[in-house]
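Secondary and tertiary structure notes
Next come the chains, spelled out residue by residue.
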Amino acid sequence: MCYRTGIFVLLLLLISLDSRDCSSNIQYDVASKISFNTVQAWAVKLGTELYHFGEFITRKKEVQDSFKSAQIESRDGEKLVQNMADDIRAMMELKISAVKRIVEAAENMAFDKQNEPVPEDFQFYNSKEMEDLYEDQSLTTTPEPEFTMENWIIRPPSKNAHLLQNPHFSNIPVNINISSVHVPTNVYTWATEVIKGIHWSEGLDTHFINNYQSDPTLSWQYFGSSTGFMRHYPAMKWRADPVDIYDCRTRAWYMEAAASPKDVVILVDRSGSMTGQRRDIAKHVVTNILDTLGNNDFVSVMTFADTVEEIVPCFEDSLVQATLANLRELKLALDNFETMEIANFSAALTRAFELLEIYRNNSGGANCNQAIMLVTDGVPYNYKELFERFNWKYETPVRVFTYLIGREVKVADVREVKWMACANRGFYVHLSTLAEVRERVLEHVNVLARPLVLQREKHPVVWTPVYANVTDPKVADYLWEQRERAEQKERFMSQRRDKALFNSEKEQNRRWKITQMKQGQYSELGNSKYQLMTSVSMPVYDLRHNENITENVLINEAYWVSVTKESVEENGQKEMRIARLLGVAGTDVPLSEIQALMTPYKIGVNGYAFIVTNNGYILIHPDLRPVFQQILKPSYNSVDMIEVELFDDDRSPRNFSKELTALRKEIIDQKTGNKLMNIKYHMEDMKRVSRGKRHYYWTGISDSPFTLVVSIPENYGRHRITPPPTDDIHRLSLTSKNISARQYLSNKWSVHPDWLYCRHYERTFSSPEAELLYFLERVARPGWRWPAKPRPPEHHKNKGHERHSEGTEARERNKSPNIAPRNEYYCDHGLMQALVYDARNTAWFNKSISDSASDDKAAEFIQRFGYIVAFLATHSGLTRWQTHPSRDYDDKPEFGKQWPRAIDEVWYRRAVEQHYVDPLSFVYSVDLSTEKFPLNVSSAMVTASHAVFHGDGHRKTPAAVVGFQFKHERLSEWFENITTSCEHNKECVTCLSDNWDCFLVDSNGWIVVSKDTTQTGQFFGKIRPDIMMRLVEEDVFKPVHIIDYQAVCFREKKTTNPASSLLTPLENLRLIMAWFLATTVWIYNSIAVGLAQASSYSFDYVAYQNYENDEDTDDPSMSKPPTRMLERDFEKLVLINRTRPTPCDREMYLYQLDYKNLDEKLNKPVRECDRPFYAQLVNYTNMLLVVVDAMCAKVEVPIFSIDATEVQYNESLPCLKHMHPLYRKQPNSCIRNHTEESNIDMCGRGSLQQKNILWVTLTIIIILHYF
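Just so we're clear, the structure is a prediction, and the values are computed from it rather than from any experiment. (Residues numbered from 1 in each chain as written. Predicted model: local features only at pLDDT ≥ 70, side-chain atom pairs only at ≥ 80, totals over all residues. Heavy atoms only, no water.)

To continue, consider the overall build of the protein. When helices and strands are counted, the protein shows 37 helices and 47 strands. Buried residues in the protein amount to 57% of all 1267 residues. Long-range pairs, those at least 24 residues apart, make up 80% of the contacts in the protein between residues at least 6 apart in sequence. With an accessible surface of roughly 56700 Å², the protein has 50% of that area assigned to carbon and sulfur atoms. (Helix = DSSP H or I, 4+ residues; strand = E, 2+ residues; numbered from the N terminus. Buried < 20%, exposed > 50% of the residue type's maximum accessible area, 1.4 Å probe, protein only. Contact = heavy atoms within 4.5 Å. Areas by Shrake-Rupley, 256 points an atom, 1.4 Å probe, with all protein chains shown as cover.)

Next up, the structure:
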């Protein structure tokens, strides 16, 4: 009974408690609710107060009045793009003229002097050996090995010169009075032909210097010899980190000038005999052939045994464009082919000829030269019937180059393989070591150049795609691998020091985040240490017709002899007919110089110009991002136009519309036209997005493969502001009694650092501002004249070998070319005029704000906000700023030094766009907080900007942007004061309550203010994904799909041992050992006679070696892991996934506030937990006030991530691009045949000659003794 009574009492107690809970909930619902009117009042009050403060502190009315006298003119896009194209073309003509003078001088000097003997004590300036006062000892080059032998020839030391840092040459220490010579690591400096070329080319210094004096905008000038050396001006110390792999003959400026575009099919023998070293040599041959191809070439790599297979399956039955990405795909695939069975040469040659015939008939591919490269260790016979069927009946359109691999070759093999090349206008090479591959492979470039050399009259002018100064693209993989090795080493050592800490979940999570951040690529602003450029180059011909030729001939399987060929009798001597390419001359053109000619001040804010090549690739574009983590991206120079111009058509990745591809075709074809398009574009490191209409204008740059395109916003881009004609700078100075315009620029000002106001060619300045002040003073002086745009001097055209019959007078004229009068400076009259107008009319901005307002009001605002920066930026690139209260010293960089780029700054661009949303509003932003760059809220600053437009009634255009910057904590306090106050009810619920969360969110969804300060600068969709989802569903925020076609992903590398295995039967062991001994003695013999290849360095095998063989990771103080440790745990926690940077596509969704019918979307009440928030637009701002009921449970929805994710395709990106090719325009120049080429008999070169008979004899004795 007592038990039942107890149960009954307990039930009553529970019912009582439950009823009390219900009644309290009812009371809570009534008492704890924030009303819609309260939120609306907060938004109005906060916005109004911020507006009045901004209006006061920026003095925007006074700024607007400052431009009252300015004129507004319509912006004619067609005229603008044509004028820019003409200016760029004029600049290009200057560079071409300089290169022509180098070409003419080199051809004359070579004709006169290349047979002169080189003095034994000859010295020259070797770039690698020059002393550098600024040299960093951590940067090393690869010196030639030192041989301590009695018969070693002592060479004279290199010359040395004093080097000085020169801002015109990227502050590199140089000597502008001389040139110096770079010799590749794989080339022997004192080889006969190399040292002769270095000797006679010293005379080019005079022409280099004269070119630089006549055109001080010239960058590096150079002559690259076909023997490998490069003479460059000015002289400098050659730096290479970690190793010097530079060879001018594999650079785009050399390859494309040396021969017309080509279609190449590479056939690699993978029969059973191609094992071991032969396989490695074959791979190295293919790699080096691929290194000689450029964007205008097409290639296919096939392996053959009993069947013929493409090395990359998706490239089957086709030629692929030789872009960096495609070449990389082919090189990586070389590791996968296996040797087996018997080679079917007939099938391989037939397949290659048929493929080339298809492209020849359809005018596809390069549509010029065609070649087959056969890599094998022997052929059964010469397959004459195939050449008759596929090549000879068409007048031999396909050249055949043969590469015979292996040391033990038969005379029959040499005879047949050589015949195949000689009978088909090609070249034969015998290769027995890796060291000689590079030099021998480059022979095919000289053969393809023969028609060019024979015609002599034409020197095609070649402009290269974008590239990064002297950096080799292969270094990118190496640098990434070095980083991963360093990381792996650090992980090993950390795990040994403190295993418990390292294995902890917290530490592993920390390291995982670091890895994720390292693999991001959206933080690369600017081009880092790389200088992007293009080059103009022209081929240099040997004007001689004949010379003696020495060739190595195989007498039997072990003996080579040298034979000198003679045929044509000239001047009593018998000589061979030749057509030799001396090399290529060229000069660099930094892209920054071209960009300066695009006059961005004429294009205006949010407008830009870019240049497209004949392949549709970008040469210059503000969104070209070639670098990630200080490393060049794998395919940075083949970014297509439609991969950076993101048209707003909401299509899936790489599903480009017909309208877009038609526009691209017109641009590539260098037509003149214009079109209005809807586009979307990202800002602030791909964290913000905007959409709009742009007007595109384009026209071709004559005599070049480039097309210039100008993109102008549709609304505010139609007009531009200009000073009245009466406000001429020089006239104002004269009427003001020679008072310089610099009086308007006293302190706290800056100008756009990348714009060309005035440039002095003979003086250096500490800053762009110092240079500007210098010219403002000069303008004020009597006699000032605006310099005319430089034009190329008249050039004496070559007339082939006839120039040498003109005697001494002609040569003297060549030594002293006509030099145009040198302009010591250049100024952009229009930009200078606009700048001085802006400076004069805004000079009052330097006065303290107290001078234009009551002291009480100024003190009140300053007391409320503390440290404030007010700033002003104009359309002419002028930025002014004032600090309140003023500070004599501040450890932070001044505003104008941090953000000097005026119309290119994000706050300027967004303010102008916001004007068309609300002309009175300010744009507020705070530094964004990401995992890679977390925001320090205590020092965070809020930036507010407002566009000032000038109009004349029916037209208006942005004249300037004003704004202010203050500490984030002050805005938080202001926000808190307003959102914790009640207008009429002193007991109302406010944001001070723990039951409500309040946010200020900007127009792209980023949190500006939150009660939780750690959320500042984070994406709202990450903090409250459920509320963000509702805002998106209600069309308050619009998701914008952005695709990054320039992304880099990280593919896991296979760590299998790349060494080849010998699949030879046991009964052949004796032959293998004999081969091994013979090869060993031969290599030592090669070193003993000082062959060039002794100093060779194979980068490919260094860059891709496995980490497991890297002894640098061993720490003697660390014990090795216990042998009984669980290997899975060790691999999971300690070993990193080795990766390789790979081009890929990434996509993301960014968000933009949709202002259309915004009030209607936002004026909705809270519906308990179904819609547990209010959102109101803060007046005169770009911010939303979001008030969320924290008592409602968060709905579990996926986090709104703005991080990019890789787009998954069914095939690799190179394969996808190949299967959906885009239109390209073939280069205009194509010289592939010449009638006199049949007179040239030289078509082959044997392996390196054995000159030391003693060592040859020793080799035979050793083999006979043991076997």
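We now examine the pattern of salt bridges. The final tally for this structure, using the stated rule, is 50 salt bridges. The residue Arg-1024 makes a salt bridge to Asp-1026 at a minimum N-O spacing of 2.9 Å. Exposure class is identical for Arg-1024 and Asp-1026. Each is buried. (Salt bridge = Lys/Arg side-chain N within 4 Å of Asp/Glu carboxyl O.)

Taken as a whole, this structure holds eight disulfides when the rule is applied. With a sulfur-sulfur separation of 1.8 Å, Cys-314 is cross-linked through a disulfide to Cys-1215. Between Cys-314 and Cys-1215 the sulfur-sulfur dihedral comes to about -70°; the bridge is accordingly left-handed. Of this pair, Cys-314 sits in the loop between strand E10 (308–310) and strand E11 (320–321) while Cys-1215 sits in helix H36 (residues 1213–1219); the two residues are 901 residues apart in sequence, bridging distant segments of the chain. (Disulfide = S-S within 2.5 Å.)

This brings us to the environment of Glu-385. If you trace the backbone, Glu-385 turns up in helix H11 (residues 384–390). For Glu-385, a relative accessible area of 41% translates into the label partly exposed. Separated by 39 residues in sequence, Glu-385 and Ser-346 place their C-alpha atoms 9.8 Å apart.

The biggest cluster of nonpolar side chains holds 113 residues, and the ones touching the most others in it are Ile-88, Ile-611 and Leu-708. Per element, the largest residue contribution to this core is 16 residues, and it comes from helix H4 (residues 77–113). When residues no more than four places from it in sequence are discounted, the contact partners of Ile-611 are Ile-88, Ile-594, Met-598, Tyr-617, Ile-618, Leu-619, Ile-620, Ile-701, Phe-706, Thr-707 and Leu-708. Residues Phe-845, Tyr-924, Ala-960 and Leu-1185 belong to the second largest nonpolar core, which totals 47 residues. (Core = buried A, V, L, I, M, F, W, Y, C linked by side-chain atoms within 4.5 Å.)

Take the packing of aromatic side chains next. One pass over the full model with this rule turns up 52 aromatic pairs. Between Phe-656 and Tyr-1045, the aromatic rings sit 5.8 Å apart at their centres with planes inclined by 55°, giving tilted as the arrangement. Within this pair, whereas Phe-656 is found in the loop between strand E27 (631–632) and helix H21 (658–668), its partner Tyr-1045 is found in strand E42 (residues 1037–1052), the two being separated by 389 residues in sequence. Arranged with centres 6.3 Å apart and planes meeting at 40°, the rings of Trp-907 and Tyr-908 form a pair that is tilted. By relative accessible area, Trp-907 is classed as buried at 9%. (Phe/Tyr/Trp six-rings, centres within 6.5 Å; stacked < 30°, edge-to-face > 60°.)

By secondary structure assignment, the location of Pro-397 is in the loop between H11 and strand E13 (398–405). When sequence neighbours within four positions are dropped, the list of residues in contact with Pro-397 reads Arg-360, Gln-370, Asn-391 and Arg-425.

Attention now moves to the sheet that holds E42. Across the sheet, which stays open at both edges, the three strands sit in the order E42-E43-E46 with antiparallel pairing between neighbours. The two strands at the open ends of the sheet, each matched to only one other strand, are E42 and strand E46 (1205–1206). Of the strand pairs in this sheet, E42 and strand E43 (residues 1139–1153) are connected by 14 bridges, and their pairing is antiparallel. Along E43, the bridge assignment pairs His-1041 with Tyr-1149. Across the face of the sheet, helix H16 (residues 475–497) comes into contact with E42 and E43 while running at roughly 85° to E43. (Pairing = 2+ DSSP bridges. Axes fitted to C-alpha atoms, helices over the stretch in contact; angles between N-to-C directions.)

Before going further, it helps to examine the pairing of strand E12 (residues 369–376). Among the eight residues in E12, eight count as buried, and that is most of the element. Going residue by residue along E12, you find Asn-369, Ala-371, Met-373 and Val-375 tucked away on one face and Gln-370, Ile-372, Leu-374 and Thr-376 tucked away on the opposite face as well. Pairing of strand E8 (residues 262–269) with E12, which is carried by seven bridges, proceeds in the parallel orientation. Bridge pairing in E12 places Val-265 opposite Ile-372.

Below, the discussion takes up unusual backbone geometry. Excluding glycine, residues mostly carry a negative phi; peptide bonds, for their part, are mostly trans. Cis rather than trans, the peptide bond between Tyr-233 and Pro-234 has omega equal to 0°. Residue position: Pro-234 is located in the loop between strand E6 (230–233) and strand E7 (235–236). The backbone of Asp-685 shows a phi angle near 60°, a positive value even though the residue is not glycine. For Asp-685, the location among the structural elements is in the loop between strand E28 (673–683) and strand E29 (688–700). Judged by its relative accessible area of 24%, Asp-685 is partly exposed. Even without glycine at this site, Glu-1168 takes up a positive phi of about 45°.

With that settled, consider the sheet that holds strand E32 (residues 749–751). On the basis of which strands lie adjacent, the open sheet formed by six strands has the order E32-E36-E35-E39-E38-E37 and antiparallel pairing. Taken across any chain shown, the strands that pair with only one partner, and hence form the sheet edges, are E32 and strand E37 (923–926). The mean inter-strand angle of the sheet, taken between neighbouring strand axes irrespective of direction, is 20°. Summarising the sheet, strand E35 (residues 868–874) and strand E36 (residues 878–884) pair through six bridges and their orientation is antiparallel. Bridged to Ile-868 within E36 is His-884. The sheet contacts of helix H25 (residues 829–841) involve E32, E35 and E36, and relative to E36 the element is tilted by about 25°. Packed onto the sheet, helix H28 (residues 906–915) meets E35, E37, strand E38 (941–951) and strand E39 (956–967) and runs at close to 55° relative to E38.

What follows deals with the pairing of E37. Residue alternation in E37 divides its side chains into two sets, Val-923 and Ser-925 and Tyr-924 and Val-926, and both sets are buried. Sheet analysis places E37 next to E38, joined by four bridges and oriented antiparallel. If you follow Val-923 over to E38, its bridge partner there is Ser-945.

Attention now goes to the side chain of Arg-278. The topology assignment puts Arg-278 in helix H8 (residues 277–291). Apart from residues no more than four positions distant in its own chain, Arg-278 is found in contact with Ser-273, Asp-377, Ile-405, Gly-406 and Glu-408.

Moving on: the environment of Asp-918. Tracing the backbone shows Asp-918 in the loop between H28 and E37. Taking the C-alpha atoms as reference, Asp-918 lies 9.5 Å from Asn-1179; in sequence the two are 261 residues apart.

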